[in-house]
Amino acid sequence: MLRKLSCIIFVSYTLLFNSCKLEDDDKAKISIGFSQSVSNDNWRISMNHAMEVEAALHPEVKLTIYNANRQAKKQIDDIEKFIADKVDVIIVSPFESDSIIPVIEKANAIGIPVIIVDRKVNTSNYTAYLGADNVEVGRIAGRHIVSLSKGNANVIEIKGASYTSPGLERTMGFRQIIDQYPGVKVISIDAKKDELPKDVFVNILKNAPEINYVYAYNDVIAYQAWKAAKGENAKNKIKIIGVDGVNGPNGGIQLVKDRILEATVLYPTGGSEAIKLALKIANKEIVPKNNKLNTTLIDSLNADIMGNQFDKITIQQSDIEQQQA
């Protein structure tokens with residue numbers, strides 16, 4: 001009798017488990033593939049995490065993330081996998097603006113919607129673009145330096161890679177402002193793979209006229225510049241402006257709080273917004289071609305407020321993850 005009862009319980013549990021599994025599988029109706037371009041970057045990690053949290057709020061979503069690790073060919077192969085798997089929507093953060101054009105156009109041609117996030121591509125054959133205005137990011141940094149210096153300063157600009165749209169556009173916006181002020185002299189140097197060319201930077205500090213400001217392509221490079229300037233006993237003289245404004249240890253907001261950076265320009269990851277946009281597209285809703293994320297300057301006046309707001313979001317995300325677990 002006891003053995004028979006055990007069998008009944010086992011069969012009932014198995015049926016219940018399989019029923020739940022079928023129900024879960026039935027809910028997973030929307031598959032989203034995300035091709036990330038870089039892996040070891042706090043901003044990119046934050047983007048991935050925001051996507052995962054947002055996807056977890058929608059039981060019908062299956063999110064797959066592939067990382068190209070700065071390899072254009074791997075990113076192309078990753079997108080080809082998404083096409084072969086017939087995902088419902090592909091999200092791409094391009095490593096380069098040109099090399100992935102054919103595979104993006106291939107997905108678009110066979111009816112798979114493509115969302116481009118952060119960096120742009122040199123084609124219009126995609127469904128939607130999502131990102132902040134990088135030209136405006138550069139303008140904000142330029143205006144801040146002009147305001148602080150009253151139009152007279154020596155500046156080092158550390159530029160991003162020219163094969164990416166943010167690298168080009170952040171410099172373009174910065175120059176649109178700075179070039180209006182003859183008293184602001186700029187020396188430009190190029191970063192390589194988000195690394196400060198330290199020898200070149202230190203050589204400028206030693207030999208050029210006294211440097212007052214550094215405008216860096218992102219907060220990672222800005223922090224490296226601060227450490228290099230510290231080694232030259234110049235850190236107290238130079239005010240450094242970065243870009244990204246990630247929250248957390250060594251993020252741009254904390255660096256502003258610690259007075260390591262003078263300021264950072266917020267550049268939202270758009271991770272959560274990208275999943276929401278993908279869901280609208282998958283559900284046949286009409287979405288704008290260009291979707292703009294807001295940006296702002298973060299300095300000592302608002303760093304605490306911004307940090308507290310992001311802390312609340314982080315706590316909410318953690319609660320969601322615990323509930324999902």
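Just so we're clear, the structure is a prediction, and the values are computed from it rather than from any experiment.

(A) The arrangement of the overall build of the chain in detail. From N to C terminus, the chain includes 11 helices and 12 strands. In the chain, which comprises 325 residues, the proportion classed as buried is 47%. Contacts spanning at least 24 positions in sequence make up 72% of the contacts within the chain whose residues lie at least 6 apart.

(B) Structural view of the pattern of salt bridges. A full pass over the atoms with the stated rule returns 11 salt bridges. The partner of Lys 74 in a salt bridge is Asp 78, and the shortest N-O contact between them spans 3.2 Å. One end of the pair is Lys 74 and the other is Asp 78, both in helix 3 (residues 72-84) and 4 residues apart, which spans about a single turn. Using a relative accessible area of 28% as the deciding quantity, one classes Lys 74 as partly exposed. The shortest N-O distance in the salt bridge between Glu 136 and Arg 139 comes to 3.0 Å. In this pair, Glu 136 and Arg 139 are both assigned in helix 5 (residues 134-149), 3 residues apart and thus about one turn of the helix distant.

(C) Here's a closer look at empty space enclosed by the protein. Inspection of the entire model under this criterion finds 1 cavity of 30 Å³ or more. Here the largest cavity is characterised by a volume of approximately 150 Å³. Every residue lining the largest cavity is counted, 14 residues in all, and those nearest its centre are Trp 43, Arg 44, Arg 119, Tyr 217 and Asn 218. Breaking the lining of the largest cavity down by element, the ones donating at least two residues are helix 2 (42-56) and helix 6 (165-178).

(D) Spotlight on the sheet that holds strand 12 (residues 297-299). In spatial order, the strands read 7-6-8-9-10-12; together these 6 strands make up an open sheet with mixed pairing. Of all strands in the sheet, those bounded by a partner on one side alone are strand 7 (184-190) and strand 12. The average angle at which neighbouring strand axes cross in this sheet is 20°, direction not considered. Both strand 6 (residues 153-159) and strand 8 (residues 213-216) contribute to a ladder of 4 bridges, which runs parallel. Bridge assignment links Ile 156 to a residue of strand 8, and that residue is Val 214. Strand contacts of helix 5: strand 6, strand 7, strand 8, strand 9 (239-244), strand 10 (263-266) and strand 12, with the helix running at about 175° to strand 8, the strand carrying the most contacts. Along the sheet face, helix 8 (residues 219-231) touches strand 6, strand 8, strand 9 and strand 10 and points at about 160° away from the line of strand 9.

(E) Seen up close, the nonpolar core. Of all hydrophobic cores here, the largest spans 43 residues; its most connected members are Ile 91, Ile 115 and Val 117. With 6 residues, helix 10 (residues 271-282) is the single largest residue contributor to this core. Among all residues touching Ile 115, those that are not within four sequence positions of it are Val 89, Ile 90, Ile 91, Val 92, Ala 128, Ala 274, Leu 277, Ala 278 and Ile 281. One finds Ile 158, Trp 226, Leu 266 and Ala 303 within the second-largest nonpolar core, a separate group that totals 30 residues.

(F) Layout of the packing of aromatic side chains. In this structure the tally under the stated criterion is 5 aromatic pairs. Over the ring of Tyr 267 we find Arg 170; its NZ or CZ atom is 4.5 Å from the centre of that ring. Positioned over the ring face of Tyr 126 is Lys 289, at 4.3 Å from the centre of the ring.

(G) The arrangement of unusual backbone geometry in detail. Even without being glycine, Asp 244 reaches a positive phi, approximately 135°. With respect to the secondary-structure elements, Asp 244 resides in strand 9. By relative accessible area, Asp 244 is classed as buried at 9%. Non-glycine residue Arg 259 carries a positive phi angle of around 60°. As for its position among the elements, Arg 259 is in the loop between helix 9 (252-257) and strand 10. A residue is classified by how much of its surface remains accessible, and Arg 259, at 64% relative accessible area, is exposed.

(H) Representation of the pairing of strand 3 (residues 89-92) in the model. Neither face of strand 3 is exposed, since Val 89 and Ile 91 on one face and Ile 90 and Val 92 on the opposite face are all buried. Strand direction decides the pairing type here: strand 1 (residues 30-36) and strand 3, joined by 4 bridges, are parallel. Each bridged residue has a counterpart across the sheet, and for Gly 33 the counterpart in strand 3 is Ile 90. Strand direction decides the pairing type here: strand 3 and strand 4 (residues 114-117), joined by 3 bridges, are parallel. When the bridges of strand 4 are listed, Ile 91 appears paired with Ile 115.

(I) Just the environment of Ala 191, in detail. Relative to the helices and strands, Ala 191 resides in the loop between strand 7 and helix 7 (198-207). Considered as a pair, Ala 191 and Ile 158 are 33 residues apart in the sequence and their alpha carbons are 6.1 Å apart. With residues up to four places along the chain from it excluded, the contact list for Ala 191 reads Ile 158, Lys 159, Pro 197 and Ile 221.

(J) Highlighting helix 8. Relative to the 18 Å expected for 13 residues at 1.5 Å per residue, helix 8 spans 18 Å between its end C-alpha atoms, a close match to the ideal helical length. Inspection of helix 8 places Asp 219, Ile 221, Ala 222, Ala 225, Trp 226, Ala 228 and Ala 229 among the buried residues, and these make up the whole buried set. On the buried face of helix 8, the contacting elements are strand 6, helix 7, strand 8, strand 9, helix 9 and strand 10. With a side-chain oxygen positioned 3.2 Å from the backbone nitrogen of Val 220, the residue opening helix 8 is Asn 218.

Rules used in this analysis
- Residues numbered from 1 in each chain as written.
- Predicted model: local features only at pLDDT ≥ 70, side-chain atom pairs only at ≥ 80, totals over all residues.
- Heavy atoms only, no water.
- Helix = DSSP H or I, 4+ residues; strand = E, 2+ residues; numbered from the N terminus.
- Buried < 20%, exposed > 50% of the residue type's maximum accessible area, 1.4 Å probe, protein only.
- Contact = heavy atoms within 4.5 Å.
- Salt bridge = Lys/Arg side-chain N within 4 Å of Asp/Glu carboxyl O.
- 1 Å grid on protein atoms, 1.4 Å probe; cavity = no way out; pocket = protein on both sides within 12 Å on 5 of 7 lines; lining within 4 Å.
- Points joined across faces, edges and corners; volume = space filled by probe spheres on them.
- Pairing = 2+ DSSP bridges.
- Axes fitted to C-alpha atoms, helices over the stretch in contact; angles between N-to-C directions.
- Core = buried A, V, L, I, M, F, W, Y, C linked by side-chain atoms within 4.5 Å.
- Phe/Tyr/Trp six-rings, centres within 6.5 Å; stacked < 30°, edge-to-face > 60°.
- Lys NZ or Arg CZ within 6 Å of the ring centre and 35° of its normal.
- Expected span 1.5 Å × (residues − 1).
- Polar contact = N/O pair within 3.5 Å; in protein donor to acceptor, adjacent residues only side chain to side chain.

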